[in-house]
Amino acid sequence: MQRVLKKINEQRSKWIQAINHCSADNFVDVISDDAVWLPPRNEAINGKENIRTWLEKPFAELIYNYSVSDVSIRIAGDWAIEQAKFTSQVSTKTGEELSPHKGLYTLLWKKSKAGVWLIERYIDHSAEFIKVDQESAT
């Protein structure tokens, strides 16, 4: 169990680093090919490539300082459910501070055939969200 938690924690760290470095490529390295992203007040985004495309605009325009706390994980075989609080201090690339994006999320992790834990589903339960106009990536 501790070994699994360590692997998931490592993957979460990579995910957070990808957000904080605004790297869509590194972000999708920790999600499955058929991942589904459920952001607040937006349609579901299906698939790794659509998620990458969806992230390109905010990652090009915004700077994130993303962190998580109060992480809770339940493991069942090759699946794990993670719930946590998050805060993302957000500013534009021109330096304008925006309201923080904060709330709760749920991640569904799945162990791949190669033994790597990947995010299969993400649900953002937050009430606050930085809205960036984008064309639909779905």
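These figures come from a predicted structure and were not determined experimentally.

## Thoughts on the overall build of the chain
Stage number 1. Looking only at helices and strands, the chain has 3 helices and 6 strands in total.
Stage number 2. Taken from N to C terminus, the helices and strands of the chain fall in the order α-α-β-β-α-β-β-β-β.
Stage number 3. In summary, the chain has a C-alpha radius of gyration of 15 Å against a globular reference of 14 Å for 138 residues, a match within 12%.
Stage number 4. In terms of overall dimensions, the chain has a C-alpha envelope of 45 × 30 × 25 Å along the principal axes.
Stage number 5. For the chain, buried positions account for 40% of its 138 residues.
Stage number 6. Counting contacts in the chain only where the partners sit at least 6 residues apart, residues at least 24 apart contribute 57% of the total.
Stage number 7. Taken as a whole, the chain presents about 7900 Å² of accessible surface, with 48% of it coming from carbon and sulfur.
Stage number 8. Considering the chain, the positive charge centre built from 18 side chains and the negative charge centre built from 19 side chains are found 8 Å apart.

## Concerning the confidence of the model for the chain
Stage number 1. Here the chain averages 90 in pLDDT, while 91% of its residues score no lower than 70.
Stage number 2. The low-confidence segment residues 129-138 (pLDDT under 50) makes 27 contacts with residues lying over four places distant or belonging to another chain.

Rules used in this analysis
Residues numbered from 1 in each chain as written. Predicted model: local features only at pLDDT ≥ 70, side-chain atom pairs only at ≥ 80, totals over all residues. Heavy atoms only, no water. Helix = DSSP H or I, 4+ residues; strand = E, 2+ residues; numbered from the N terminus. Rg over C-alpha atoms; globule rule 2.2 N^0.38 Å. Buried < 20%, exposed > 50% of the residue type's maximum accessible area, 1.4 Å probe, protein only. Contact = heavy atoms within 4.5 Å. Areas by Shrake-Rupley, 256 points an atom, 1.4 Å probe, with all protein chains shown as cover. Lys, Arg positive; Asp, Glu negative; His and termini not counted. Charge placed at Lys NZ, Arg CZ, Asp CG, Glu CD. pLDDT = per-residue confidence, 0-100.

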